[in-house]
Amino acid sequence: MTVVPRKASTVVLMDQDLKTYLTKRPLTMKFFGGHYVFPGGAIEQSDLDISNEYMKGQNLNPTFEKPHYVAAARELFEEVGILISDDLSNLPHDKINEYRQLLKNKEISFLQMLIQKDITINLDRLRYFGHRVTSKGRPIRFDTRFFLTQLPKGQTPLPDFSEIDEARWYTPKEALTAHENEEIALPLPTILALNSIIDHLEGKPLILPGRKPESN
């Protein structure tokens, strides 16, 4: 029986030096264990709880559900402590890990955190550029939307080392070279995303080669 892919989101975080942020998944993880990937994960039930007041976005892609954007923003915060907001004055630096733990333990939803701390995120800062669906026959499958976002001014990634073994900044070409030299392992979707960004930086459209859900 074919496993139905879970809907998910992943975020390519890029800094002002055009480097991308890659995180290494622990070897114990069943999906891409030991590989370097972008922050991301499956859509959760709480991501369906959408507020236009605290989650603004006027130019979202209409071909898929808004919770993909919400999941992307939430996962970026949970995994590496980055919020796509210009004002974090109500969330002191020493409180970030506290709220990330509450989110991970399902003691609070992402929206509840935004309301409590009076923070608005701008989903328009998540630039959608394609999706991939895990091949049929795999025991774990995802239908993943890929987004690109710029590192917000004044913020610095704070990796959650309970879920991540390592985290590094690489230019797309540096990451691909490290993979070719067997210094790091990259899964195919990450390789495709990095190549798409290289093409984009050279003036080409930002498009991720995808696999349609009905394909093998």
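Computed from a predicted structure; not experimentally measured. (Residues numbered from 1 in each chain as written. Predicted model: local features only at pLDDT ≥ 70, side-chain atom pairs only at ≥ 80, totals over all residues. Heavy atoms only, no water.)

*Asks:* Account for the overall build of the protein, naming residues and giving values.
*Replies:* The helix and strand inventory of the protein stands at 5 helices and 9 strands. Secondary structure elements of the protein, listed N to C terminal, follow the sequence β-β-β-β-β-α-α-α-β-β-β-β-α-α. For 216 residues, the compact-globule estimate of 2.2 N^0.38 gives 17 Å, and the protein sits close to it at 17 Å. Along the three orthogonal principal directions, the C-alpha set of the protein runs to about 45 × 40 × 35 Å. Counting over 216 residues, the protein shows a buried share of 50%. Considering only contacts in the protein between residues 6 or more positions apart, those separated by 24 or more positions represent 70%. Carbon and sulfur atoms provide 48% of the accessible area of the protein, an area that totals close to 11,100 Å². (Helix = DSSP H or I, 4+ residues; strand = E, 2+ residues; numbered from the N terminus. Rg over C-alpha atoms; globule rule 2.2 N^0.38 Å. Buried < 20%, exposed > 50% of the residue type's maximum accessible area, 1.4 Å probe, protein only. Contact = heavy atoms within 4.5 Å. Areas by Shrake-Rupley, 256 points an atom, 1.4 Å probe, with all protein chains shown as cover.)

*Asks:* So what's going on with the packing of helix H4 (residues 172-180) against helix H5 (residues 188-201)? Residues and values would help.
*Replies:* Relative to each other, H4 and H5 sit at 145 degrees, their axes nearing to 9 Å. Helix-helix and strand crossings are classified by hand; for H4 and H5 the assignment is left-handed. The segment H4 lies against H5, with Pro-172, Lys-173, Ala-175, Leu-176 and His-179 engaging Ile-191, Leu-194, Asn-195, Ile-197 and Ile-198. Among the residues making up the contact of H4 with H5, the classes are represented as 7 nonpolar, 2 polar and 1 charged. (Axes fitted to C-alpha atoms, helices over the stretch in contact; angles between N-to-C directions. Left-handed = near helix turned anticlockwise from the far one by under 90°. Nonpolar A, V, L, I, M, F, W, Y, C, P; charged D, E, K, R; others polar.)

*Asks:* How would you summarise helix H2 (residues 96-104) if you had to cite specific residues and measurements?
*Replies:* Among the residues making up H2, those that are buried are Ile-96, Tyr-99, Arg-100 and Leu-103. For H2, the angular spread of buried residues about the axis comes to 105 degrees, placing them on one side. Tucked into the core, H2 has its buried residues touching helix H1 (67-80) and helix H3 (110-117). Note on H2: the residue one or two positions beyond its end, Lys-106, has a positive phi of about 60 degrees. (Arc of directions from axis to C-beta.)

*Asks:* Requested: an account of the side chain of His-68, with residues and values cited.
*Replies:* Here His-68 is to be found in helix H1. Those residues in contact with His-68 that lie beyond four places of it in its chain are Lys-7, Ala-8, Ser-9, Ile-43, Asp-143, Arg-145 and Phe-147.

*Asks:* Give a detailed account of the environment of Pro-39, specifying residues and quantitative values.
*Replies:* Residue position: Pro-39 is located in the loop between strand S3 (36-37) and strand S4 (40-42). By relative accessible area, which is 0% here, Pro-39 ends up buried. Sequence separation between Pro-39 and Leu-76 is 37 residues, and the spatial gap between their C-alpha atoms is 5.8 Å. Setting aside its immediate chain neighbours within four residues, Pro-39 contacts Ser-9, Thr-10, Val-11, Tyr-21, Thr-23, Leu-76, Glu-79 and Val-80.

*Asks:* Explain the packing of aromatic side chains to me, and be specific about the residues and the numbers.
*Replies:* A full pass over the atoms with the stated rule returns 7 aromatic pairs. The interplanar angle of 15 degrees and the centroid separation of 5.5 Å between the aromatic rings of Phe-64 and Tyr-69 together place this pair among those described as stacked. With relative accessibility at 2%, the residue Tyr-69 sits in the buried group. Every member of this aromatic cluster is reached through a ring pair, and the members are Phe-64, Tyr-69, Tyr-128 and Phe-147. (Phe/Tyr/Trp six-rings, centres within 6.5 Å; stacked < 30°, edge-to-face > 60°.)

*Asks:* Hey, could you go over unusual backbone geometry for me, with residue numbers and the actual values?
*Replies:* Not every positive phi belongs to a glycine, and Leu-18 is a case in point at roughly 65 degrees. By the element assignment, Leu-18 lies in the loop between strand S1 (6-14) and strand S2 (20-24). Taking the relative accessible area as the measure of exposure, Leu-18 reaches 40% and is therefore partly exposed. One non-glycine residue, Lys-106, adopts positive backbone phi at about 60 degrees. Assignment of secondary structure puts Lys-106 in the loop between H2 and H3.

*Asks:* I'd like a rundown of the pairing of S2, residues and numbers included.
*Replies:* Counting buried positions along S2 yields 4 of 5 residues, so the element is predominantly enclosed. The pairing of S2 with strand S9 (residues 166-170) spans 5 bridges and is classified as antiparallel. Bridge pairing links Lys-24 to Glu-166 in S9. Both S2 and S3 contribute to a ladder of 2 bridges, which runs antiparallel. (Pairing = 2+ DSSP bridges.)

*Asks:* How would you summarise the environment of Leu-111 if you had to cite specific residues and measurements?
*Replies:* Tracing the backbone through its elements, the reader meets Leu-111 in helix H3. A relative accessible area of 7% means that Leu-111 is categorised as buried. Sequence separation between Leu-111 and Tyr-128 is 17 residues; the distance between their C-alpha atoms is 21 Å.

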